[in-house]
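Chain by chain, the residues run as shown.
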Amino acid sequence: MMHHRGPFLAPPTENEREAQAMLTHRRMVARARRKEAVMTLWAQLTRLWRVAVPRT
């Protein structure tokens, strides 16, 4: 759904550019957090495994 802005395409306004940047940033942050969470979980599991194995 393109809005017609006259004979030429006007560059995005500051607000639009800022919104786009914010979206991209949020996506990156979410990905980083998810990766961090996975790594933390994995480290905990590994530690548990190392602790549990010698006892059995």
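This text follows the structure it describes.
Residues numbered from 1 in each chain as written. Predicted model: local features only at pLDDT ≥ 70, side-chain atom pairs only at ≥ 80, totals over all residues. Heavy atoms only, no water.

A.B. asks: How should I be thinking about the overall build of the protein in this particular structure?
C.D. replies: Counting its secondary structure elements, the protein contains one helix and zero strands. Across the 56 residues that make up the protein, the buried fraction comes to 0%. Within the structure as shown, the protein displays about 6,000 Å² of accessible surface, and the carbon and sulfur contribution to it stands at 65%. (Helix = DSSP H or I, 4+ residues; strand = E, 2+ residues; numbered from the N terminus. Buried < 20%, exposed > 50% of the residue type's maximum accessible area, 1.4 Å probe, protein only. Areas by Shrake-Rupley, 256 points an atom, 1.4 Å probe, with all protein chains shown as cover.)

A.B. asks: Sorry if this is basic, but what is going on with the pattern of salt bridges here?
C.D. replies: Taken as a whole, this structure holds one salt bridge when the rule is applied. Where Arg 17 meets Glu 14, a salt bridge forms, and the shortest distance between an N and an O atom there is 2.6 Å. Pair noted here: Arg 17 and Glu 14 are both in helix H1 (residues 14-55), with a separation of three residues, about one helical turn. According to the relative accessible area criterion, Glu 14 is exposed, its value standing at 51%. (Salt bridge = Lys/Arg side-chain N within 4 Å of Asp/Glu carboxyl O.)

Without other data, these values stay purely geometric and don't point to any function.
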